[in-house]
Amino acid sequence: MNNIKQKYINSAFLLLVSSVVVKAISAVYKIPLTAYIGATGRGYFTMAYNLYMPIHAVIMGAFPVAISHLVSKYNEKQNGAKIYSLKKASNRLFFIVGIIGTVFMILFAKPYAQIISSSPKSIYTIYVLAPTVLFSSLAASQRSFAEGYMNMSPTSVSQIIEALFKVIFGLLFARLTLNYLYSLYANSGAVLGIICSSEEQAFSVIYPLTSAASMGGVTVGSFFSFIYVWLYNSIKYNSHKIDKNYKTTDSMKEILSFSAPIIVSTIIQSVSTFFDNSSVQYCLSFCNFNELKNAYAKCIEISGTNDSDLTTYIYGLFSAAGDFKNLIPGFTMALGVAAVPAISASYEMNNKERLESLSNSIFKYTSVIAFGCGFYMSVCAPYILEVLYNSSNKDVVFGCENLVKYFGFTEIFYCLSGTAIYAVQAIGCAKKSIPSFVVSAFLRVLINCFMVSNAKYNLYGAVISGAVGYAVILVSNLYIFKKYSNINYKLNIIIFKPLVCSLLSYFLTKFLFNSFFVIDNIFICFIAISFIYFLVFTFLLFLSKTIGFSELKFFYSCKKMA
């Protein structure tokens, strides 16, 4: 039991650290990026990702689970020849899928931009992003193979490489493009032959192009990420020999057979997310224009947004708030990815006691991070935004403060549902999740139609729809995993204790900060409130025995042996 748990902790810790690094890099990246492309440009940026993410989810969320599971399975049986066959089959399969995905994005860019997103200017960003599908697919093949051995090093390092190159080239391309296009306007009053009577009109032309240029950094980053992980695997895993009894086509069929229900569930989940995000953009266009403009009057005044770009601009604010919403699930995803081979190994051995202990630990750690960081995000929302955007995009501070605060309270649904889905997939029950994705999608789009289209609620309706939709997915997948793995949940340590610790930390932090601190400097306020929160939260975790000292000792011993 300790061997599997030790490997899981090592793997999860490595992925968690790399996720923190990647998210930190992305946070730093998005501040100057928003300065170059504005909230309107962020809207174009996000629209391109809305089309990309369903394809990316299938590539990164379906096939890798199958590869990781099968490599783990045959590694337990010490069948190196079969593993070699799986490696060849996965490389071929991921190349084909990558080509299909890239072509799909190119072909559907125009109808998506014009009809679904109601933003024809986003087409340039989509075209630049399209090759990323191929590079990400090839990299995913290599990553998932190593993950089958519970080796998360290539995944972690390649993610950091991808983030670094995205920052370097994304900002470089955006800045060069912005400077060049603005100089054209300054010198001739036109941008690429388009006459602009005001600076607002000029930026309306410039932002879609700078957004596309910045997306070039994403493509470059995905290419170098693939190069690294391919070289790593070529050197690390080159000892297995091919056995003629294991044909590549047979291994490909096995991958597809295991992947089929995951692909279907992932496609449905991704398509539902696509329609969810697109419905937010679409429903904003049905809001009363004057009411919507009044709701964001201060932001619009600061940004100088053109009326024709109003909905794209507001959707860009939603995207900026979404950076924070997606931050914590990005961390807890590491726990889910690392859980797949660990849960698979325990499930294959039919060891209920080991599976139950491991699963409860994984869900508990996910909840501690989700509740703890989510409530921290809520209490610190104004200070985080001020620190990041006050000097470059003051409008983002005013437009996103409440959104970030409310998203923080709902993080548990996004984080724990993700881990539950990975757990269900690890035991081969992915198709059982499909109904929950369909119901969730229906509810999210329905709530968006009623609430986002009402200028009184606008973007706040999307916060509610997301929480309701992912709550359905969470409850359903926890039930599925319990039913088919025959384990029992310790809800006291999974839900109740982390929630109480986080809730008390939230109110105690506000009380202590307001009672004992009078500080004018925003950055010092941010540091002070962060210190208070994590001190109180850590104390309550140990006081309530949510986290025990024995776990820290075990964790430390794992790190020494890693």
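These numbers come from a predicted model, not from an experiment.

A.B. asks: Explain the overall build of the protein chain residue by residue, including any values.
C.D. replies: Assigned secondary structure in the protein chain consists of 20 helices and two strands. In terms of C-alpha radius of gyration, the protein chain reaches 24 Å, essentially the compact-globule figure of 24 Å for 562 residues. Taking the principal axes of its C-alpha atoms as reference, the protein chain extends roughly 70 × 60 × 40 Å. When burial is assessed residue by residue, the protein chain has 56% of its 562 residues classed as buried. Considering only residue pairs separated by 6 or more positions, the protein chain has 84% of its internal contacts joining residues 24 or more positions apart. Split by element, the accessible area of the protein chain, about 23,500 Å² in all, is 66% carbon and sulfur. Between the averaged position of the 42 positive side-chain charges in the protein chain and that of its 23 negative side-chain charges there is a distance of 12 Å.

A.B. asks: Provide a residue-level description of the side chain of Asn360, including the pertinent values.
C.D. replies: On the secondary structure map, Asn360 appears in helix H13 (residues 352–389). At 2.9 Å, the side chain of Asn360 forms a polar contact with the backbone nitrogen of Lys490. The residues touching Asn360, leaving out its near neighbours within four places in the chain, are Asn488, Tyr489, Lys490 and Ile494.

A.B. asks: Please provide a residue-by-residue account of the nonpolar core, values included.
C.D. replies: Within the largest apolar cluster, 151 residues are counted, with the highest numbers of intra-cluster contacts made by Met105, Ile255, Ile343, Phe363 and Phe481. One finds Leu138, Ala139, Phe226 and Val229 within the second-largest nonpolar core, a separate group that totals five residues.

A.B. asks: Help me get a handle on the confidence of the model for the protein chain, residues and values and all.
C.D. replies: On average, residues of the protein chain score 83 in pLDDT, and 92% of them reach the 70 mark or higher. Below a pLDDT of 50 lies the segment residues 553–562, which in the model reaches 14 contacts outside its immediate sequence neighbourhood of four places, other chains included.

A.B. asks: Now, about the packing of aromatic side chains: what can you tell me, with residues and values included?
C.D. replies: One pass over the structure, following the stated rule, counts 25 aromatic pairs. Pairing Tyr376 with Phe534 gives two aromatic rings, centres 4.7 Å apart and planes at 45°, and the pair type is tilted. Taken as a pair, Tyr376 in helix H13 and Phe534 in helix H19 (residues 522–543) lie far apart in primary sequence, 158 residues in all. Between Tyr414 and Tyr470, the aromatic rings sit 4.7 Å apart at their centres with planes inclined by 50°, giving tilted as the arrangement. Here Tyr414, found in helix H15 (residues 411–426), pairs with Tyr470, found in helix H17 (residues 460–485); they are 56 residues apart in sequence, far enough to count as distant. Residue Tyr470 is classed as buried on the basis of its relative accessible area, which comes to 14%.

A.B. asks: So, the pattern of salt bridges: which residues are in play, and what are the values?
C.D. replies: In the structure shown here, the tally under the stated rule is four salt bridges. Glu162 serves as the salt-bridge partner of Arg143, at 3.4 Å between the closest nitrogen and oxygen. Of this pair, Arg143 sits in helix H5 (residues 132–147) while Glu162 is found in helix H6 (residues 153–188), placing the two residues 19 residues apart along the sequence. Arg143 gets classed as buried once you look at its relative accessible area, which sits at 7%. The partner of Lys394 in a salt bridge is Glu386, and the shortest N-O contact between them spans 3.3 Å. With relative accessibility at 25%, the residue Lys394 sits in the partly exposed group.

A.B. asks: For the environment of Ala370, give the residues involved together with the corresponding values.
C.D. replies: Tracing the chain through its elements places Ala370 in helix H13. The exposure class of Ala370 is buried, given its relative accessible area of 1%. Linking Ala370 and Ile412, residues 42 residues apart in sequence, is a C-alpha distance of 5.0 Å. Here Ala370 is in contact with Ile328, Glu411, Ile412 and Cys415, once residues within four sequence places are set aside.

A.B. asks: Which residues make up unusual backbone geometry, and what are the values?
C.D. replies: Positive phi values are uncommon outside glycine, yet Asn458 reaches one of about 35°. As for its position among the elements, Asn458 is in the loop between helix H16 (434–451) and H17. At Lys545, a position not held by glycine, the phi torsion is positive, near 65°. Position of Lys545 relative to the elements: it lies in the loop between H19 and helix H20 (549–561).

A.B. asks: Kindly report on the environment of Ile524, identifying the contributing residues and their values.
C.D. replies: Tracing the sequence through the fold places Ile524 in helix H19. Remark: the alpha-carbon pair of Ile524 and Ile434, spanning 90 residues in sequence, is separated by 47 Å.

A.B. asks: I'd like a description of H5, backed by residues and values.
C.D. replies: Taking 1.5 Å per residue as the helical rise, H5 with its 16 residues ought to reach 22 Å, and the 22 Å between its terminal C-alpha atoms agrees with that figure. The element H5 is largely enclosed, with a buried count of 16 among its 16 residues.

A.B. asks: Go over H17, please, and point to the residues and values.
C.D. replies: With 26 residues, H17 ought to run about 38 Å at 1.5 Å a step, and its terminal C-alpha atoms sit 38 Å apart, in line with that. Positive phi shows up at Asn486, right after H17, with a value of about 60°.

About the cut-offs
- Residues numbered from 1 in each chain as written.
- Predicted model: local features only at pLDDT ≥ 70, side-chain atom pairs only at ≥ 80, totals over all residues.
- Heavy atoms only, no water.
- Helix = DSSP H or I, 4+ residues; strand = E, 2+ residues; numbered from the N terminus.
- Rg over C-alpha atoms; globule rule 2.2 N^0.38 Å.
- Buried < 20%, exposed > 50% of the residue type's maximum accessible area, 1.4 Å probe, protein only.
- Contact = heavy atoms within 4.5 Å.
- Areas by Shrake-Rupley, 256 points an atom, 1.4 Å probe, with all protein chains shown as cover.
- Lys, Arg positive; Asp, Glu negative; His and termini not counted.
- Charge placed at Lys NZ, Arg CZ, Asp CG, Glu CD.
- Polar contact = N/O pair within 3.5 Å; in protein donor to acceptor, adjacent residues only side chain to side chain.
- Core = buried A, V, L, I, M, F, W, Y, C linked by side-chain atoms within 4.5 Å.
- pLDDT = per-residue confidence, 0-100.
- Phe/Tyr/Trp six-rings, centres within 6.5 Å; stacked < 30°, edge-to-face > 60°.
- Salt bridge = Lys/Arg side-chain N within 4 Å of Asp/Glu carboxyl O.
- Expected span 1.5 Å × (residues − 1).

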